[in-house]
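# Coordinate inspection notes
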Amino acid sequence: MSLMSVENVSFAYGAGRPVLEDITFDVPRGSNVGLVGESGSGKSTLLRLLLGLDTPRGGRILFDGQPLDARSGRYMRSYRRRVQAVFQDPYSSLNPAHRILRIVTEPLRSLKVPGDHRAMAEEAMAAVGLPVDSLGRFPEQFSGGQRQRIAIARAIVARPELVLADEAVSALDLSTRVRVVDLFRDISERMTMVFVSHDMGVVAALCDRIVVLDRGRIVEAGDTARILADPQHAYTRSLLSSIPRMPESA
Amino acid sequence: MSDLLTVDGLTLATSNTRLVEDLSFSIAPGERFGLIGESGSGKSLTALAVTGLLPPAIRPSGSIRLGGTQVVGAPERALVRLRGDAVATVFQEPLTALDPLMPLGAQIAGPVRRRLKRSGDDASRGAVRREVMALLEQVRLPEPERLVGAYPHEVSGGQRQRVAIAMALACRPRLLIADEPTTALDVTTQAEIVQLINALVKELGLGLLFISHDLPVVGQVAERVMVMRQGRAVERGSTARVLTEPEDAYTHDLVDAARRFDSALEGRP
Amino acid sequence: MSAAGAAGPRRSRGGATYLLGLILVGVIVAAGLISFAWTPYALSDMAGSRLEPPSPAHWAGTDRLGRDLFTQLMIGARIALVVGCGAVAIGGAIGMVTGILAAFATRFADDALAAVFDILIAFPTLLIAMLVVAAREEASLGTAILALGIGLSPIVGRITRILTKQVLGQDYITAARVSGTSWGAIVIFHILPNIVPFLGVNLALQFGLAVMAEASLSYLGLGAPPPNASWGRMLQEAQSTVYTAPWGAVFPGLALFALVIGINLLADGLRDRLGRSGRDAG
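Residues numbered from 1 in each chain as written. Chains lettered and ligands numbered in written order. Predicted model: local features only at pLDDT ≥ 70, side-chain atom pairs only at ≥ 80, totals over all residues. Heavy atoms only, no water.

## Some thoughts on the environment of Thr-143 of chain C
Residues and elements named next belong to chain C. Among the structural elements, Thr-143 can be located in helix 5 (residues 141–168). Thr-143 gets classed as buried once you look at its relative accessible area, which sits at 0%. Residues Thr-143 and Val-132, 11 residues apart in the sequence, show an inter-C-alpha distance of 7.8 Å. In this structure, Thr-143 is in contact with Val-133, Arg-136 and Glu-138, ignoring residues within four places of it in sequence. (Helix = DSSP H or I, 4+ residues; strand = E, 2+ residues; numbered from the N terminus. Buried < 20%, exposed > 50% of the residue type's maximum accessible area, 1.4 Å probe, protein only. Contact = heavy atoms within 4.5 Å.)

Laid out in structure tokens, this is it:
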């Protein structure tokens, strides 16, 4: 069964034009799903809906067979425990006033997860490849790639079933990006992931399924291998052909 | 043959750190040169140094000869003329590079009028307007009539970057510096801007200094490249050679990383 | 201007003004504290003859009734500090609460509160304070503090609103929500720690304003009543003898000047420090 199902979801801000229309797709348990689109595609808005930060105007989102009810505090507490996120900008996603220990254990405290929070944080830091003594330091002492690792540690510390990532490697330098993509690959073996990105290369490297969004609608969805080899929609084709490639070896 | 730009032993330093160290390269007229580097490599500072726009706290030493003029230590007055004449720059974010309160046509008209006046040509309203329209056409903007009256926020990111390129061309430079000109754009728009820059450089016989962290993009533009890391050049050579058979370990890492994503797109994760 | 190159000369200049501010404020705080334990004379003790100029017996001279002015200056320091702290505490509390509420409010309520702040800021702080004193129908030290606190609150509210909105736009707020953190905890653990340092600079400036405004209220007879020796009251009492015995006006004037300048220099130094750590982080 699907861990998450999005059914005919639509959304608009205020009385404005619809940002999302008739969005339907599944996130099978254990899979990595990529939501790909350019600016104005509505992909970030869709992610906010999946996180329960906004409520769809129409349609519904099912998580583990149950409708996502962003208005119920009790439901959201259990939902947050099972669904976590990583954001784009490693410089703005960590509170500069807090030590790393406090940042990484925030979900544990807020969700009242029982157990030794420090030990759990140490385990999460080890999982993202950072030394344990980082926990006593402040965000400003880390590089962009390290900060993103810390953000990932925070996302996995409560052992969620689903991690949603919003352009989580776009702000990183190329050499750092490859390593963080590898880290996501490692982590995704243990959980389901939804990866929102404009970068088809990153999504191709990480995801087994791809959903292509354009101006608030799904234009194409399917297995990564199939979409890369045989894109059906003109938009997908132009997206793929626009990506600059490295010159072939002589 | 005399080079358009010759940088020799350039070092950029503040009172306590060296940001760029002993950098040398040259660009011949009509040549497309790529500067590759990640954040902190000093590639954008190098571009600022070439146009004499370094912040006052950063002191250049060594030599930068641009169209026969020494930039290092030159008085601001000489630099102003140089910027209008020999070199023009296109930046990463067209939204901040354009004045939000001025119609696009008026922004391009500024440098056009200055150039016409300096060369003693007809700088009447009509002449300036004709030239502005010609520039808009040159950067392949649709509906130039409508665009001259539009404000930066009313057009798309790609169109803004085209206007920024038109402004750069307005002073008929011999060297165009493009500092991450495609980074802030969508992939489909990015491809169009790369094509446009390539076509214009060829048409006008410009020298191009193309700065980017994106290896495949540089690969589509430059004939020769230099790779920078932490203020130093680690590798240089023909683009084809550097991107296929890198010699330096760091360049090797970068090329491998770029190829990872490439092969993922070919369905070989 | 680049951060790296500016750091050298700026640091020493910032350090010097910070130190000067610290000394000026420190001397006045010390004088206020010592006044609890010791003053040269009792406040109402007519220890000398009338309008004596400064002398070894009366360092700042005496007033029309022959009371020691240095004693009054020391007590006045205590009052200035109490008024400044009290007004900033009240103004800061009201301003921060309304400012944070405005930042969280729906668009309509936010616009309305922002407009209220702007209108209140357009009224001079002193005028608002005078209205409050008039409404309480009694001039006392407490009323003066309350009045000045209310007068300062819209400025604090406005700045709090802007700072809070900036912090609310950061990804770590979204991350906290996704981590299951409640809005209350987000305000306490994420918003306050990130706005208080910047607000602190402003509150220090407001402190200076409050001390000035209290002197003005006292000068107008709306401040702390006798026997409180506020610097403003001292100025008022010295008014009629300013040509024959200028020391009666000069010393409280200098004390007021030193405290306000000192506080401003401290605030400048604080801002420089914040600016620097902000740049280092970026």
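Structure's up, so let's keep going.
## Looking at empty space enclosed by the protein
Per the counting criterion, the structure on display carries 1 cavity of 30 Å³ or more. Counted as a void, the largest cavity has a volume near 30 Å³. For the largest cavity, the full set of lining residues is Gln-84, Ala-85, Phe-87 and Arg-154 of chain A together with Ala-175, Val-178 and Ser-179 of chain C. For the lining of the largest cavity, the residue count by class is 4 nonpolar, 2 polar and 1 charged. (1 Å grid on protein atoms, 1.4 Å probe; cavity = no way out; pocket = protein on both sides within 12 Å on 5 of 7 lines; lining within 4 Å. Points joined across faces, edges and corners; volume = space filled by probe spheres on them. Nonpolar A, V, L, I, M, F, W, Y, C, P; charged D, E, K, R; others polar.)

## Thoughts on the pattern of salt bridges
Residues and elements named next belong to chain A. In the structure shown here, the tally under the stated rule is 35 salt bridges over all chains. Across the salt bridge formed by Arg-159 and Glu-123, the nearest N and O atoms sit 2.4 Å from each other. Separated by 36 residues along the polypeptide, Arg-159 in the loop between helix 6 (144–156) and strand 7 (162–166) and Glu-123 in helix 5 (residues 117–127) bring together distant segments of the chain. For Glu-123, a relative accessible area of 46% corresponds to the partly exposed category. (Salt bridge = Lys/Arg side-chain N within 4 Å of Asp/Glu carboxyl O.)

## A closer look at the interface of chain B and chain A
In this assembly, 26 residues from chain B lie in contact with 29 residues from chain A. Counting the surface lost from both chain B and chain A, the interface buries some 2700 Å², and carbon and sulfur atoms represent 62% of this. The largest contributions to the chain B side of the interface with chain A come from Val-187, Phe-261 and Leu-265 of chain B, which together make up 26% of the buried area. Seen at the junction of chain B and chain A, the total is 2 salt bridges. (Buried area = accessible area lost by both parts, 1.4 Å probe.)

## Examining the packing of aromatic side chains
Scanning all chains against the criterion turns up 7 aromatic pairs over all chains. Seen from their ring centres, Phe-184 of chain A and Phe-195 of chain A are 5.1 Å apart, and the 90° between their planes marks the pair as edge-to-face. Separated by 11 residues along the polypeptide, Phe-184 of chain A in helix 7 (residues 174–188) and Phe-195 of chain A in strand 8 (residues 192–197) bring together distant segments of the chain. The same class applies to Phe-184 of chain A as to Phe-195 of chain A, namely buried. Cluster of aromatic residues (ring-pair linked, three or more members): Phe-63, Tyr-75 and Tyr-79 of chain A. Sitting over the face of the ring of Phe-36 of chain C, Arg-78 of chain C holds its NZ or CZ atom 4.1 Å from the ring centroid. (Phe/Tyr/Trp six-rings, centres within 6.5 Å; stacked < 30°, edge-to-face > 60°. Lys NZ or Arg CZ within 6 Å of the ring centre and 35° of its normal.)

## Considering the interface of chain A and chain C
Every contact between the two is made by 26 residues of chain A and, on the other side, 17 residues of chain C. Note on chain A versus chain C: buried area summed over both sides is about 1700 Å², and carbon and sulfur give 53% of it. On inspection of chain A and its partner chain C, the count reaches 0 salt bridges. Run the count over chain A and chain C and you get 10 residue pairs in polar contact (both at pLDDT 80 or more). Among the secondary structure elements, those contributing two or more residues to the side of chain A that touches chain C are strand 6 (83–86), helix 4 (106–110) and helix 6 of chain A. Class assignment for the residues of the side of chain A that touches chain C results in 11 nonpolar, 7 polar and 8 charged. (Polar contact = N/O pair within 3.5 Å; in protein donor to acceptor, adjacent residues only side chain to side chain.)

## Notes on the packing of helix 7 (residues 157–170) of chain B against helix 8 (residues 187–204) of chain B
Residue and element names in this part refer to chain B. Here helix 7 crosses helix 8 at 20°, and the two axes come no closer than 10 Å. Considered as vectors, helix 7 and helix 8 are oriented roughly parallel to each other. In this structure, helix 7 meets helix 8 at a crossing whose hand is right-handed. Mapping the contact onto sequence places Gly-158, Gln-161, Arg-162, Ile-165 and Leu-169 in helix 7 and Thr-189, Glu-192, Ile-193, Leu-196, Ile-197, Leu-200 and Leu-204 in helix 8. In the contact of helix 7 with helix 8, the residues fall into 7 nonpolar, 3 polar and 2 charged. (Axes fitted to C-alpha atoms, helices over the stretch in contact; angles between N-to-C directions. Parallel < 35°, antiparallel > 145°, perpendicular 65-115°, else oblique. Left-handed = near helix turned anticlockwise from the far one by under 90°.)

## As for the sheet that holds strand 8 of chain A
Whenever strands of a sheet pair, they do so through backbone hydrogen bonds, lying parallel or antiparallel. Residues and elements named next belong to chain A. Within the open sheet, the 6 strands sit side by side as 6-7-8-3-9-10. Their pairing is mixed. Pairing within the sheet leaves two strands with one partner each, and these edge strands are strand 6 and strand 10 (217–223). Mean inter-strand twist for the sheet, computed between neighbouring axes without regard to direction, equals 15°. As judged from the 5 bridges shared by strand 7 and strand 8, these two strands associate in the parallel manner. (Pairing = 2+ DSSP bridges.)

## With respect to the sheet that holds strand 7 (residues 175–179) of chain B
All names here are of chain B. Across the sheet, which stays open at both edges, the 6 strands sit in the order 6-7-8-3-9-10 with mixed pairing between neighbours. Each edge of the sheet is formed by a strand with only one pairing partner; in this case those strands are strand 6 (87–90) and strand 10 (232–238). Mean inter-strand twist for the sheet, computed between neighbouring axes without regard to direction, equals 15°. As defined by bridge partners, strand 6 adjoins strand 7 across 4 bridges and the pair is classed as parallel. In the strand pairing of strand 7, Thr-89 is matched with Ile-177.

## Focus on the confidence of the model for chain B
Fine structural detail should not be taken from predicted coordinates in areas where pLDDT scores are low. Taken over all residues, the pLDDT of chain B has a mean of 90, while the share at 70 or more is 99%. Mean pLDDT in chain B bottoms out at helix 3 (residues 94–97) of chain B, which sits at 76, and peaks at strand 9 (residues 224–229) of chain B, which reaches 96. (pLDDT = per-residue confidence, 0-100.)

## Examining the side chain of Asn-194 of chain C
Considering the arrangement of structural elements, one finds Asn-194 of chain C in helix 7 (residues 183–219). Overall, the relative accessible area of 13% leaves Asn-194 of chain C in the buried class. Within the structure, Asn-194 of chain C has its side chain in polar contact with the side chain of Tyr-172 of chain C (distance 3.2 Å). Setting aside chain neighbours within four positions, we find Asn-194 of chain C in contact with Asn-95, Pro-96 and Ala-97 of chain A together with Val-167 and Tyr-172 of chain C.

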